[in-house]
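# Survey of secondary and tertiary structure
As a plain string of letters, each chain reads:
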Amino acid sequence: MLAKTDFIDLVPHAEDMCLLDGVLAWDSSTIHAVSTSHVLPSHPLRGAHGLHAVHLAEYGAQAMAVHGALRARDEGRTEPRPGMLVSLRGVKLSVERVDTLQGTLDVHAECLLADDAGAQYTFRICHEGLEIASGRAAVIHPQM
């Protein structure tokens, strides 16, 4: 398992906004990350009524960022690369809130397409073996 300290410097998500705790497995096209941050009262996306399931898309997007950073590191690039989430498609949510779910979230992402301009992934988030969110996301990398 890769701990958060193994990838935190590779992604632009800092401090509490890095929602993933670790990476259980990854290869050239997929990643399986885990998180328990959804239950924290100090969660940066939590509102007055808790943490809405729509924020699971951010967990998927962060898995994408970590996956891209790990792939880049294997290619010899180590600087965090800014990305902008530009599209969410086909998002399905099977719960309303996630702060009430005890235990670990399993965050899976699969790269469909990636190049210097951006990437497209599918993601799914599971809790206790049940899928609670899924969808597709696209990220662009602004030219500096």
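Higher on the page you've got the structure.
Position numbers for residues count from 1 along each chain, tracking the sequence in the order it is written. Totals for whole chains, interfaces and linings use all residues, but because this is a predicted model, local features are given only for residues with pLDDT of at least 70 and pairs of side-chain atoms are given and counted only at 80 or more. For side-chain calculations, the full set of non-hydrogen atoms in the structure is used, while hydrogens and water are omitted.

## Concerning the side chain of Gln62
Where we set the bar: A run of DSSP states H or I qualifies as a helix once it reaches four residues; a run of E qualifies as a strand once it reaches two. Both are numbered from the N-terminal end. Whenever a nitrogen or oxygen atom comes within 3.5 Å of another N or O atom, the pair is scored as a polar contact, on the condition that within protein one atom can donate a hydrogen and the other can accept it, and that pairs from neighbouring residues in sequence are kept only if both atoms are in side chains. What makes two residues a contact is simply this: any of their non-hydrogen atoms within 4.5 Å.
With respect to the helices and strands, the residue Gln62 is situated in helix α1 (residues 56-74). Within polar-contact distance, the side chain of Gln62 engages the backbone oxygen of Met17 at 2.7 Å. For Gln62, the side chain forms a polar contact with the main-chain nitrogen of Leu19, separated by 2.8 Å. Once residues within four sequence positions are removed from consideration, Gln62 is found in contact with His13, Met17, Cys18, Leu19 and Leu20.

## Details of the pairing of strand β6 (residues 118-127)
Note the cut-off: Classification of residues uses two cut-offs on accessible area relative to the type maximum, computed with a 1.4 Å probe and protein chains only: under 20% is buried, over 50% is exposed, and between them is partly exposed. Pairs of strands are assigned from DSSP output, requiring at least two bridges between the strands.
Taking burial as the measure, the 10 residues of β6 include 7 buried ones, the bulk of the element. Taking the residues between adjacent antiparallel strands as the criterion, strand β5 (residues 105-115) and β6 are bridged by 2 residues. Direction of pairing for β6 relative to strand β7 (residues 130-140): antiparallel, over a ladder of 10 bridges. Directly across from Tyr121, in β7, lies its bridge partner Ala137.

## Notes on the environment of Asp115
Within the element layout of this structure, Asp115 appears in strand β5. Take Asp115: its relative accessible area is 45%, and that puts it in the partly exposed class. Distance in space between the C-alpha atoms of Asp115 and Val54 is 27 Å, their sequence separation being 61 residues. With residues near it in sequence (within four places) discarded, Asp115 still touches Arg81 and His141. A polar contact of 2.8 Å, which involves the side chain of Asp115, links it to the backbone nitrogen of Ala117.

## A short note on unusual backbone geometry
Not every positive phi belongs to a glycine, and Glu128 is a case in point at roughly 50°. Note that Glu128 resides in the loop between β6 and β7. By relative accessible area, which is 66% here, Glu128 ends up exposed.

## As for the nonpolar core
Let me state the cut-off plainly: Nonpolar cores are built from buried Ala, Val, Leu, Ile, Met, Phe, Trp, Tyr and Cys residues. Side-chain atoms within 4.5 Å join them into one set.
Ranked by size, the top nonpolar core spans 34 residues in total, and within it Leu20, Leu56, Tyr59, Val66 and Ile125 carry the most contacts. Where this core is concerned, the elements lending two or more residues are β3 (30-35), α1, β5, β6 and β7. The biggest single contributor to this core is α1, with 8 residues. Setting aside residues no more than four positions away along its own chain, Ile125 makes contact with Leu56, Tyr59, Gly60, Leu105, Asp106, Val107, Leu130, Glu131, Ile132 and Ala133.

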